[in-house]
Amino acid sequence: MINFNYTPVRNPVRKKKGTYCGYFPSTKMNRMIGYESTLELDAIRLFEADPAVQAYCEQPKQVTYTRDQRSHINTVDFVALRNGVEEFFEVKPYERLENKETEAVYAAVAEVYREQGHYYKIFTEFDIKQQPRLSNAKELLRYVRVPLTDDHKVITRNYLAQRRETTIQELSSYLPTPVVYALIWAGFLIIDHSKKLTSASFVSLNSVVEG
């Protein structure tokens, strides 16, 4: 069982002029996930489509940091449980980090997380909007509600038993194409996310989760 007890410590969806916020219907977490920027929405899409991410939560934790001899509270944007390891993410546009004051604030926050033994990272658009990784995630999310059965996995495993990999198009001769994409989304099949996802993309069994 996954030991992941985080819940939002505040609601990020606060309507303000000039902001883009809302809720994403998470299949992975079986609830609505709040976001307060387009960058956060894209981060959610990456968490949702990454089979290594077992769970995630928005606005999960507050820490107290010291700046100019005064105590301040910071609420981190996300925590993700990736391969059993908790990772905390601050989602911010890179231009905001070019301000020396802001840079100093997040350096102080990062130090608190390091002292607590946590992984902490500033997640900018250069991390989140990498292509074709983000477009692949958006494509896979179209198939999150496609039902998968044990038979689908048996057919896939048997087909790949004599070969290291095959293409989506070839495997679709034995399974409905949406099922193949759903198997990728579920992490049963893996692809090379450095290449654009198409019917000619190669897939192989993910030995970590195939059972």
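Residues numbered from 1 in each chain as written. Predicted model: local features only at pLDDT ≥ 70, side-chain atom pairs only at ≥ 80, totals over all residues. Heavy atoms only, no water.

### Here's the deal with helix α8 (residues 177-185)
1) Next: Of all nine residues that make up α8, seven are buried, and the element is covered over most of its length.
2) Next: Turning to α8, its buried residues are Val-179, Val-180, Tyr-181, Ala-182, Leu-183, Ile-184 and Trp-185.
3) Next: Elements in contact with the buried residues of α8: α1 (38-49), α5 (133-140), α6 (150-159), α7 (168-171), β10 (189-190) and β11 (202-205). (Buried < 20%, exposed > 50% of the residue type's maximum accessible area, 1.4 Å probe, protein only. Helix = DSSP H or I, 4+ residues; strand = E, 2+ residues; numbered from the N terminus. Contact = heavy atoms within 4.5 Å.)

### Details of the sheet that holds strand β9 (residues 166-167)
1) Next: Spatially, three strands are ordered β9-β11-β10 in an open sheet, and the strand pairing comes out antiparallel. What marks the edges here is a single partner per strand, and that holds for β9 and β10.
2) Next: Two strands pair when backbone bridges link them, and β10 and β11 are joined in this way by two bridges, in the antiparallel orientation. Each bridged residue has a counterpart across the sheet, and for Leu-189 the counterpart in β11 is Leu-205. (Pairing = 2+ DSSP bridges.)

### Quick word on the sheet that holds strand β6 (residues 78-82)
1) Next: Taken together, four strands build an open sheet; the order of strands is β3-β6-β7-β8 and the sheet is mixed. The two strands at the open ends of the sheet, each matched to only one other strand, are β3 (53-58) and β8 (119-123). Within this sheet the neighbouring strands show an average axis-to-axis angle of 25°, counted without direction.
2) Next: In this sheet, β8 lies alongside strand β7 (residues 85-91) in parallel orientation, the contact comprising five bridges. Pairing of Phe-89 across the sheet is with Lys-121, part of β8.
3) Next: Across the sheet, α1 lies against β3, β6, β7 and β8, angled at about 15° from β6, the strand it touches most.
4) Next: With respect to the sheet, helix α3 (residues 100-115) is in contact with β7 and β8, its orientation differing from that of β8 by roughly 155°. (Axes fitted to C-alpha atoms, helices over the stretch in contact; angles between N-to-C directions.)

### Describing the pattern of salt bridges
1) Next: Under the definition given, this model contains 14 salt bridges.
2) Next: Across the pair Arg-31 and Glu-58 runs a salt bridge whose closest N-O atoms are separated by 2.8 Å. Placement of the pair is Arg-31 in strand β2 (residues 31-35) and Glu-58 in strand β3, with a sequence separation of 27 residues.
3) Next: Relative accessible area serves as the criterion here: at 4%, Glu-58 is assigned to the buried category.
4) Next: One salt bridge in this structure joins Glu-87 and Arg-82, with 2.8 Å as the shortest N-O distance.
5) Next: Residue Glu-87 is classed as buried on the basis of its relative accessible area of 13%.
6) Next: By relative accessible area, which is 19% here, Arg-82 ends up buried.
7) Next: Each of the salt bridges in this network shares a partner with another, and the network as a whole consists of Asp-42, Arg-45, Lys-129 and Lys-138. (Salt bridge = Lys/Arg side-chain N within 4 Å of Asp/Glu carboxyl O.)

### What about the packing of α1 against α5?
1) Next: In the contact formed by α1 and α5, the axes pass within 9 Å of each other and the chain directions differ by 65°. Compared by their axis directions, α1 and α5 come out roughly perpendicular. When the axes of α1 and α5 are compared, the crossing they make is left-handed. On α5, the residues touching Asp-42, Arg-45, Leu-46 and Ala-49 of α1 are Arg-133, Leu-134, Ala-137 and Lys-138.
2) Next: For the contact of α1 with α5, a count of residues per class yields four nonpolar, no polar and four charged. (Parallel < 35°, antiparallel > 145°, perpendicular 65-115°, else oblique. Left-handed = near helix turned anticlockwise from the far one by under 90°. Nonpolar A, V, L, I, M, F, W, Y, C, P; charged D, E, K, R; others polar.)

### Remarks on the nonpolar core
1) Next: In this structure, Phe-47, Tyr-56, Phe-78 and Leu-189 are the most contacted members of the largest nonpolar core, which totals 41 residues.
2) Next: Contributions of two or more residues to this core are made by β2, α1, β3, β6, β7, α5, α7 and α8.
3) Next: Dropping the residues within four chain positions of it, Tyr-56 is found in contact with Phe-4, Phe-24, Ser-26, Lys-28, Met-29, Ile-33, Ile-44, Phe-47, Glu-48, Val-79 and Ala-80.
4) Next: Counting 18 residues, the second largest nonpolar core, distinct from the first, contains Cys-57, Tyr-65, Phe-88 and Ala-110. (Core = buried A, V, L, I, M, F, W, Y, C linked by side-chain atoms within 4.5 Å.)

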